[in-house]
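Spelled out from the first residue to the last, the chains are:
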Amino acid sequence: MKDTIVAEFKKRFGGVPSVYSSAGRINLIGEHTDYNGGFVFPGAIDKVIMAAVRPNGTELVRVYSMDLEEYVEFGLNEEDAPSQLWASYIFGVCREIIKSGGTVKGFDAVFAGNIPLGAGLSSSAALESCFAFALNDLYNDNRIPKFELAKIGQMTEHNYCGVNCGIMDQFASVMGQAGKLIRLDCRSLDFEYYPFAPEDYELILLDSRVKHELADSPYNRRRESCERVARRLGVDTLRDATMEMLESMKDEISTEDYSRAKFVIEEKERVLAVCDALMAGDYDTVGRKMYETHRGLSKDYEVSCEELDFLNDVARECGVTGSRIMGGGFGGCTINLVRKDLRDDFIRTARTRFRERFGHDPEVYPVVISDGARKVV
Ligand code: ADP
Ligand code: MG
C-alpha cells in the first residue's frame, strides 16, 4: 500500500512525503459498557488507513482519496469546511488541533485504506487518528500526548461529522500495540495492556451486512433504562452497582429496566474475568465469556437480530471457542475466537448456511491485533 500511495503523491504533488498509518479496531468484550462507566477491551488490527503527507507552505490543504478517487481542497478556518464527508474527518482533525492550541498549516496528502467502511471496524477513527498523528509529527514536534490525539478524533466526530461517539475507537486506533489488547476504564480513562497473541487461535469477524433499526432510538432507550436504574440505586452509573443491589430493587423497577441493568453489571464482571483469563493464557474461559456476552446482548439487552443469533449458533455448532455480537447490535459483525484447525471449516460452513438462510454471503474478515498510529517513513 505504501508504495502505491507514495507513487500517487509524487505524481500529483511532487516531492517526498512522510508516510503515516493508523488502524481499525476490534473490541474483544465490553459492550454497551462505555456510557455506564464500565470497561471496554479493544485492540488495533492489521487493517489500516495510510497517508502520505507533506507541508506545502501555504494555508491550503489539498487531499486526494485513492479509494474514492476524489480530490478536495480546503482552507483551515472554520468557514472552510468541505462538503464531502470523508474530507470533513480530515478538516475536523485540523480544526480540533488548532482549537486546542496546536499548529496546523497547509499540506498535501494522498491516502488509502483497507478497512471496510461502515462495517464496525472504525475506519473513521483510523482516518482521524492517522491525520492527527501526522499533524502532531509534522507541525507540533509530537508534543500533543497520544491520548489527546484520540480525543481530537472523538471531537472531530462530534463537531464535524455529526456522530456522538465515545472515546474507544480513537483510543484503540491511536494507542493500539501488536499482540496486546487494552482495557480502558471508561470512568477514569485509566488503561492497561494485556497480552493477546494466541498461537492456536485466530480472530475472525463475520459481517452480516445488515443494519436493522435506525441505531439511535433503541440505543437511547437502553441508555435511559441504565440511567433510571442507576438513579434508583443511588449511584452515578451502573459501574458502581452490584447484582445484590439490583436484586434488592427488583420489585420496584420494570422487568425491562432490570434486564438491561443486569446485562451491564454482568458485562463489567466479564471484562475483568477475561483479563484474568488472558494473563493465565486461558482462551477457553475467554471464549466462554464471549458466548455469555452474546446471550446477554440477545436476551437481556435485546440488541441482537436473527442474522447475528444465527451466526452465533453456527459458531457454537462448529466448535468455535468464543463468539458474540461486536458493536451496538441490530446488525453488523460477530467476532469469533476460532481454533486454527477449525478455521476453514467454520468459514465455509458459516458462508454456506448464512447464504441458504438469508440469501447473501456474510463478509469474512480475519484480523490480527497490531500496532495503532505510527510513522511508517
Ligand atoms: P466505520 O464504522 O467504518 O467507522 P463510519 O460511517 O463511521 O464507519 O465511517 C466511514 C466513513 O469514513 C466513510 O463514509 C468515509 O467518509 C470515511 N472513510 C473511511 N475509510 C475511508 C477510506 N479508505 N477512504 C476515504 N474515506 C474513508
Ligand atoms: Mg466510525
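Here we summarise the structure given alongside this text. Since this is a predicted model, take the numbers as computed values, not measurements. (Residues numbered from 1 in each chain as written. Chains lettered and ligands numbered in written order. Predicted model: local features only at pLDDT ≥ 70, side-chain atom pairs only at ≥ 80, totals over all residues.)

1. What about the pairing of strand E3 (residues 42-55)?
Our working definition: Counting other C-beta atoms within 10 Å of a residue's own tells you its class, since 20 or more makes it buried, 12 or fewer makes it exposed, and anything in between is partly exposed; those C-beta atoms are placed from the backbone. Secondary structure follows DSSP: runs of H or I at least 4 residues long count as helices, runs of E at least 2 residues long count as strands, and numbering of each begins at the N terminus. One requirement defines pairing of two strands: DSSP has to find at least two bridges between them.
In terms of residue burial, E3 counts as a mostly covered element, since 11 of its 14 residues are buried. Relative to E3, strand E1 (residues 18-27) is paired through 9 bridges, and the arrangement is antiparallel. Bridge pairing in E3 places arginine 25 opposite alanine 44. Where E3 meets strand E6 (residues 107-113), 7 bridges bridge the pair, whose relative direction is antiparallel. When the sheet's bridge partners are listed, methionine 50 is paired in E6 with alanine 112.

2. Considerations on helix H4 (residues 146-160)
Our working rule: Working rule for helices: expected span equals 1.5 Å times residues minus one. Once C-beta atoms are placed from the backbone, any two residues with those atoms within 7 Å are in contact.
Its 15 residues give H4 an end-to-end C-alpha distance of 21 Å, which sits within 8% of 21 Å, the value for a rise of 1.5 Å per residue. Within H4, burial applies to Leu149, Ala150, Ile152, Gly153, Gln154, Thr156, Glu157 and Tyr160. Summarising the contacts, the buried residues of H4 are in contact with helix H2 (85-99), helix H3 (123-139) and helix H5 (168-175). Remark: glycine 162 follows H4 within two positions and exhibits a positive phi of approximately 70°.

3. Quick look at the nonpolar core
Note the cut-off: Nonpolar cores are identified as sets of buried Ala, Val, Leu, Ile, Met, Phe, Trp, Tyr and Cys residues joined via C-beta atoms within 7 Å. Residue ranges for the domains trace back to a domain assignment, done automatically or taken from a database.
Among the nonpolar cores identified, the biggest contains 107 residues, and Ile49, Ala51, Val93, Cys130, Phe131, Ala134 and Leu135 are the most heavily contacted of them. Of the residues forming this core, the biggest block, 10 residues, is contributed by H3. Domain assignment of the residues forming this core places at least three in each of domain 1 (2-197 + 371-375) and domain 2 (201-367). If near-sequence neighbours (up to four positions away) are discounted, isoleucine 49 is found in contact with Ser21, Ser22, Phe111, Gly113, Ile115, Ser123, Ala126, Leu127 and Cys130.

Everything listed is a geometric property; what it means functionally is a separate question.
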